[in-house]
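Understanding the architecture of this molecule
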Amino acid sequence: MNDLEKDVLIIIGENVDSPDVFTSSNITPIRDSVNDAIEEIAMVSGLYRERYSIPLYQDQAFYRVKFTRGIFGFVVSAWLRGNKRPLDQTDIIKLTAENPRFLRQAGPPREYLQIGMDVIGVVPKPGSSSDILELDCAVIPERYSSDDDRLKLRETFKKAIVSYAASEYYASRGDAKEASMHYKDYLDHVPFFKDYKESAEYTPRVGNK
Amino acid sequence: MNISEQLTKIRRFLRDPDATIWSNELLIRIFNQVQEDLQNKVKILEDVEAIKVPPTYHQTYMHEWEWAYLDSNLSRFYRCFQQHQQAQHIYTHVWEIQHVWDIDTDVSDTGAHFTQPWEAWFLTPGEEIRIRFPRGFHELRFITYDSDPICFETKKQLMERDSQWETTSGTPLSYYRPDELDDSFCLYPRPTNSNWTDGDGLALYQNGDTNDSENGVVIRRTGTTLSSDKGLTVDIIDLANNVFMVFEENAIDLTPNLNGTNYLQESNFPKFMRKYIEYGVLAKAFRANTDGRIQSLADYWQQRFDIGVQAIKRYKLKRKSDRHYQLTTKDRSVNTRQRQHPRLPAVYPSVSHIRS
């Protein structure tokens, strides 16, 4: 078991060196909870990102994208490699308001849109099969299954993950009160309703206006 | 993560691994309710589909009693011809009804009738050509034919405008819905071009595709896939001479064989959102009037489900973070901040202070 799972066992009162219930072969409930928490944090924060390249085909505007590692979350930015410029995000409502026949246009794409969970469209549709669209995507990391798998998670959220798993353990034991307390701890430590403050990256300046 | 795995996890939290209190049937019914409820709240399920014209169907039937004998593993069924509502028989041409009532005069029919819609491209059809919406269709967001948008019209509007509405052909400009139960639509005018690639009948695939031996033709082309060394698998959706639509999906009900087999169905929610359905199931299960009713746990899991709904809404907002614009309505002022007084330097006293 990894460090997170050991922390959970400590919280719930198990002996980490010789656990009674959650042995290495029976760690699935704890592991499921940790994985669920990692997925939830990744979903609401978009902290884990990967770059995916889509070769554009002539006259093909929509692409259903399948990720082999992890699950596609959303696009953070799009870059047209050959033309060396970014694409703006748009949506169906804006496209139909500006030009209902947008699917007829062909040329170097200027905008992209995401439909559903795995479809990316580019507008105008590519006039030739000569470019690659690079998407910087927020990805839901794949669930880890062995002790040595990497946890794609910031250190800041590890305590929150432990609280999440402890909460589910107590819920599985029927103790709703204890479960609620640990879940509240989890909510206090994750950026559920607030973004990562990029303003924290700026150094303050002092002086006259 | 199929329904079997999800039920195992749900039972772990219910502490009922042997289905002593909550049966699989109950849990799956609750599951279907919760995922529908979740979709109504967050509207996250959306899809695109290119529908081939002419449409293809798995099986054709005439009488309603045949419905029970259709293959349950298939989904696209076409009801051909018309039921004579005053009798039990099926008729093809309208003059047959007159003969049933011993009327000698024949009213002229508008064209030929068929058992499969693709036959309409070989003759002048005398009936509307129904195209099925995709499975799970709920609401349309955007629809085109051959890359040009088409609008919705009612059948009544077409009838008032065009006496030949059943047979008019050309480039489709609109669509109408014959009824809502069948989840199908008809293009108007009937498209004259089809998506066939050879002259031997109906070919719905191009080089590189493979036929489905059970269904005879490829219902939906999945397109070209890159090899693994190129890094990414894509599914290319073709738009030429097809109907293309963006639509909101329903959560598809899971109907596993409750006699112990076929628990491999999966919800159409993304895998990382299925846990929220489990929370909703747990809340309802603990609230159900059974021996396992525990109000505190029902409240706990309901709280988890509600927070999950907020998390999904948060996720939907994050998807729009790369935009440089904001959609609004004309009723809402773009400038939400209304300044009633000019901005004065901070050293000035406030206006209210001066007035007092």
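Counting of residues starts from 1 at the beginning of each chain's written sequence and follows it residue by residue. Each chain is given a letter, starting from A, and each ligand a number, starting from 1, according to the order in which they appear as written. At least 70 in pLDDT is required for a residue's local features to be given in this predicted model, at least 80 for side-chain atom pairs to be given and counted, and no such filter applies to totals for whole chains, interfaces and linings, which use all residues. In computing side-chain properties, one takes all heavy atoms of the structure into account and sets aside hydrogens as well as water.

Turning our attention to the overall build of chain A. Scanning chain A from N- to C-terminus turns up five helices and seven strands. Listing each helix as α and each strand as β along chain A from the N terminus yields α-α-β-β-β-β-α-β-β-β-α-α. To get the radius of gyration, use the C-alpha atoms; to get the globule rule, take the number of residues to the power 0.38 and multiply by 2.2 Å. The C-alpha radius of gyration of chain A comes to 22 Å, more than 25% above the 17 Å expected for a compact globule of 209 residues. Considering only intrachain contacts with a sequence separation of at least 6, the fraction spanning at least 24 residues in chain A is 68%. Roughly 10400 Å² of accessible area belongs to chain A as shown, and the carbon and sulfur atoms make up 48% of that amount. Think of it this way: Lys and Arg go in the positive column, Asp and Glu in the negative one, and His and the chain ends go nowhere. The atoms used to mark charge sites are NZ of Lys, CZ of Arg, CG of Asp and CD of Glu. In chain A, 28 side chains carry a positive charge and 33 a negative one; their mean positions are 9 Å apart. Secondary structure elements are taken from DSSP: a helix is a run of H or I of four residues or more, a strand is a run of E of two residues or more, and numbering for both begins at the N terminus. Any two residues whose heavy atoms approach within 4.5 Å at even a single point are treated as in contact. Computed with a 1.4 Å probe, the accessible areas rest on the Shrake-Rupley method; for each residue, only the protein chains presented here act as cover.

Before going further, it helps to examine the pairing of strand β4 (residues 85–89) of chain A. Residues and elements named next belong to chain A. Here, strands pair whenever DSSP counts at least two bridges between them. Taken together, the three bridges between strand β3 (residues 71–80) and β4 define a ladder with antiparallel strand orientation. Residue alanine 78 lies in a different strand from β4, and its bridge partner there is leucine 87. With antiparallel pairing between neighbouring strands as the criterion, β3 and β4 make up a hairpin whose turn holds four residues, including lysine 84 at a positive phi of roughly 55°. Bridging between β4 and strand β5 (residues 111–115) involves two bridges; their strand directions are parallel. Following the sheet pairing, aspartate 88 is matched in β5 by glutamate 111.

Okay, the environment of valine 243 of chain B next. Residues and elements named next belong to chain B. Along the chain, the position of valine 243 falls in strand β15 (residues 242–249). Taking the C-alpha atoms as reference points, valine 243 and valine 53, 190 residues apart in sequence, are found 7.0 Å from one another. Excluding residues within four positions of it along the chain, valine 243 makes contact with Glu49, Ala50, Ile51, Val53, Ile143, Thr144, Tyr145, Phe185 and Leu187.

Grid spacing is 1 Å over the protein atoms alone, the probe is 1.4 Å, and a cavity is where that probe fits but cannot get out, while a pocket is an open set with protein on both sides within 12 Å along at least five of seven lines and lining residues have an atom within 4 Å of a point. Grid points are joined across faces, edges and corners, and a volume is the space filled by probe spheres set on the points. Put simply, the second largest pocket is a space of about 1400 Å³. Along the wall of the second largest pocket there are 47 residues; nearest its centre are Glu266, Ser267, Asn268, Phe269 and Arg274 of chain B. Going through the elements one at a time, α2 (28–45), β2 (62–66) and β3 of chain A together with α1 (3–14), β1 (46–52), β15 and α5 (274–287) of chain B are the ones with two or more residues in the lining of the second largest pocket. The greatest single-element share of the lining of the second largest pocket, amounting to five residues, is contributed by α1 of chain B.

This next bit is on the confidence of the model for chain A. Confidence of the predictor at the level of single residues is captured by pLDDT, which takes values from 0 to 100. Across chain A, the average pLDDT comes to 87, with 91% of residues at or above 70. By mean pLDDT, β2 of chain A is the weakest element of chain A at 84, and helix α4 (residues 158–172) of chain A is the strongest at 94.

Another point: the sheet that holds β1 of chain B. Residue and element names in this part refer to chain B. Pairing in this open sheet of four strands is antiparallel, and the strands run β1-β15-β7-β8 from one edge to the other. Each edge of the open sheet is held by one strand with a lone partner, namely β1 and β8 (148–149). Here strand β7 (residues 137–145) pairs with β8 via two bridges, running antiparallel. What sits directly across from threonine 144, in β8, is proline 149.

Once that is clear, we can look at the packing of aromatic side chains. Two descriptors summarise a pair of aromatic rings, namely the distance from one centre to the other and the angle between the planes of the rings. Between the rings of Phe, Tyr and Trp (Trp by its six-membered ring), a pair exists once the centres lie within 6.5 Å; its type follows the angle of the planes, with under 30 degrees stacked, over 60 edge-to-face, and the other angles tilted. This model, assessed by the stated rule, comprises 27 aromatic pairs over all chains. Both rings, one in tyrosine 164 of chain A and one in tyrosine 183 of chain A, keep their centres 6.4 Å apart while their planes meet at 55°; by these two values the pair is tilted. One end of the pair, tyrosine 164 of chain A, is in helix α4; the other, tyrosine 183 of chain A, is in helix α5 (residues 176–189), with 19 residues separating them in the sequence. Aromatic ring contacts, followed pair by pair, group Tyr164, Tyr183 and Tyr186 of chain A together with Phe13, Tyr276, Tyr279, Tyr300 and Trp301 of chain B into a single cluster. Over a ring means this: the NZ of a Lys or the CZ of an Arg is within 6 Å of the ring centre and within 35 degrees of the ring normal. Over the face of the ring belonging to tyrosine 164 of chain A we find arginine 304 of chain B, whose NZ or CZ atom lies 4.8 Å from the ring centre.

Attention shifts here to unusual backbone geometry. A cis amide bond links valine 123 of chain A to the next residue, proline 124 of chain A, at an omega of -10°. Looking along the chain, the bond that leaves tyrosine 188 of chain B and enters proline 189 of chain B is cis, with omega of -10°. The residue proline 189 of chain B is located in the loop between β12 (184–188) and β13 (190–191) in this model.

Before going further, it helps to spend a moment on the sheet that holds β12 of chain B. Residues and elements named next belong to chain B. The strand order β6-β12-β11-β9 describes an open sheet built from four strands, whose pairing is mixed. The sheet is open, and its two edges are formed by β6 (131–132) and β9 (151–152), each paired on a single side. Where β6 meets β12, two bridges bridge the pair, whose relative direction is antiparallel. Directly across from isoleucine 131, in β12, lies its bridge partner phenylalanine 185.

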